[in-house]
Amino acid sequence: MELTEDQLKVAEIELQRYLPQSLKIYGFLVLRNRVKSDPYIVLVDRWPKFSVIICKPQYEQKTDLFKDTMVFANDDAILMETIRKASVIDWSRYLCLGISLPHMEIVKAGASERNVPSDKLAVCHMMTLDDASKLPPVDCSGICLNSLDESHLDLVNQTWKFGKNQGAAGMIRNMVLNFPSCCVLDADGRPVSWILTYVSCALGMLYTLPEHRGKGYAKVLISSMAKRLSGQGYPVFCFIEEENIASYQLFKSMSFSEDPSYREAWYGFNDF
Ligand SMILES: CC(C)(COP(=O)(O)OP(=O)(O)OC[C@H]1O[C@@H](n2cnc3c(N)ncnc32)[C@H](O)[C@@H]1OP(=O)(O)O)[C@@H](O)C(=O)NCCC(=O)NCCS
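Residues numbered from 1 in each chain as written. Predicted model: local features only at pLDDT ≥ 70, side-chain atom pairs only at ≥ 80, totals over all residues.

## Quick word on the overall build of the protein
And step 1. Of the regular secondary structure elements, the protein holds 8 helices and 11 strands.
And step 2. Its C-alpha atoms give the protein a radius of gyration of 18 Å, within 12% of the compact-globule value 19 Å for 272 residues.
And step 3. In terms of its C-alpha atoms, the protein occupies a principal-axis envelope of roughly 55 × 35 × 35 Å.
And step 4. By residue count, 40% of the 272 residues in the protein fall in the buried class. (Helix = DSSP H or I, 4+ residues; strand = E, 2+ residues; numbered from the N terminus. Rg over C-alpha atoms; globule rule 2.2 N^0.38 Å. Buried ≥ 20, exposed ≤ 12 C-beta atoms within 10 Å, placed from the backbone.)

## Notes on the UniProt feature "domain: N-acetyltransferase" (unreviewed entry) in the protein
And step 1. Here the UniProt-annotated "domain: N-acetyltransferase" (unreviewed entry) positions come out as residues 143-272.
And step 2. For residues 143-272, the helix share is 34%, the strand share is 24%, and the end-to-end C-alpha distance is 40 Å. (UniProt positions renumbered as here; feature names shortened; annotations may be inferred.)

## As for the nonpolar core
And step 1. Within the largest apolar cluster, 79 residues are counted, with the highest numbers of intra-cluster contacts made by Ile-25, Leu-97, Trp-194, Ile-195 and Leu-221.
And step 2. The dominant element in this core, judged by the number of residues it contributes, is helix 7 (residues 217-231), at 8 residues.
And step 3. Both domains that furnish three or more residues to this core are identified here as domain 1 (5-124 + 263-269) and domain 2 (132-253).
And step 4. Those residues in contact with Trp-194, other than ones at most four positions away along the chain, are Leu-148, Val-156, Ser-181, Cys-182, Cys-183, Tyr-207 and Leu-221. (Core = buried A, V, L, I, M, F, W, Y, C linked by C-beta atoms within 7 Å. Domains from an automatic or database assignment. Contact = placed C-beta atoms within 7 Å.)

## Description of the site of the ligand
And step 1. Close to the ligand lie 17 residues; Thr-208, Arg-213, Ala-218, Lys-219 and Ala-246 are nearest.
And step 2. When residues of the shell around the ligand are traced back to their parent elements, those giving at least two are strand 9 (203-208), helix 7 and helix 8 (245-253).
And step 3. Here the shell around the ligand takes 4 residues from helix 8, the largest share from any one element.
And step 4. When its residues are assigned to classes, the shell around the ligand shows 7 nonpolar, 7 polar and 3 charged. (Near = placed C-beta within 6 Å. Nonpolar A, V, L, I, M, F, W, Y, C, P; charged D, E, K, R; others polar.)

## Section: the pairing of strand 11 (residues 264-269)
And step 1. Most of strand 11 sits out of view: 5 of its 6 residues are buried.
And step 2. In this sheet, strand 11 lies alongside strand 4 (residues 95-100) in antiparallel orientation, the contact comprising 6 bridges. Counted as the bridge partner of Leu-95 is Phe-269 from strand 11.
And step 3. The pairing of strand 5 (residues 118-128) with strand 11 spans 6 bridges and is antiparallel. Each bridged residue has a counterpart across the sheet, and for Ala-122 the counterpart in strand 11 is Trp-266. (Pairing = 2+ DSSP bridges.)

## Focus: helix 4 (residues 101-113)
And step 1. Between the first and last C-alpha of helix 4 there are 19 Å, a value that for 13 residues agrees with the 18 Å anticipated at 1.5 Å per step.
And step 2. What helix 4 keeps buried is the set His-103, Met-104, Val-107, Gly-110 and Ala-111. Each buried residue of helix 4 lies within a common arc of 120° when the element is viewed along its axis, so the set occupies one face. Relative to its buried face, helix 4 has exposed residues pointing more than 90 degrees away, namely Pro-102, Ser-112 and Glu-113.
And step 3. One or two positions beyond helix 4, positive phi appears at Asn-115, with a value near 60°. (Expected span 1.5 Å × (residues − 1). Arc of directions from axis to C-beta.)

Have a look at this one:
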């Protein structure tokens, strides 16, 4: 069943019981219940004691490839049963789906029953900052900070690992126009380093132009955004790909921590 606006507020509270495993969907609901952005529908297997919750983007364009479907489950069998229902997941088009790594195996099994091919996009550490007062001091002197705006969409798309295509453009547009972002501007007012907020409330797309690396910009951005999100009552967390050791170290040095046994996975189902 699809949740109403009032039920979404109750679901946000219910998901607190399953933190940190439910953090991505919890963060999505915290944002969704406060900020208007691109439409999503939220489905649960039953109400109010749900075991599976699925946040599905309403695709506005055929090229909306990376607006991801996000799933949290606390019961393997009910997850499989839910995934098998034809009305829950549209397996006929490209689908980017994020869920915990063990549950991804269940989703992949459901997809292969329908002969839908799957492709690993990312397996990530989930890093959280429980208390913004633990952030180490950073030197912001001489650094000009601002939010990103519409004129920066292409810059972000061209530099994001999964970007450089129309498929990411809609997602980045939604993030820049609706959610908190922060960038370092050069003397001519051009962004040289930036960080965004995903629809799940996770910090992400952190990037510094190669010629500006090592100047402490990423640390300033993480610190500034973490304080801002935390000050607004939002959870502060991010997903770091397992291979990205430098970023993992960077967030560790900023007092982010993780449950080392937990991994979040994103897979693409069907070809583009
Ligand atoms: C990761 C990244 C954003 C860091 O940006 P930055 O502005 O250079 O970072 P800072 O100057 O604030 O440096 C932060 C710390 O990370 C270290 N660091 C940054 N990039 C590094 C790299 N490629 N390899 C090793 N260490 C690195 C710095 O040495 C510094 O640590 P220190 O203060 O202990 O010396 C930048 O390298 C980048 O854009 N990488 C490509 C995209 C990416 O991986 N984004 C992160 C996705 S989560």
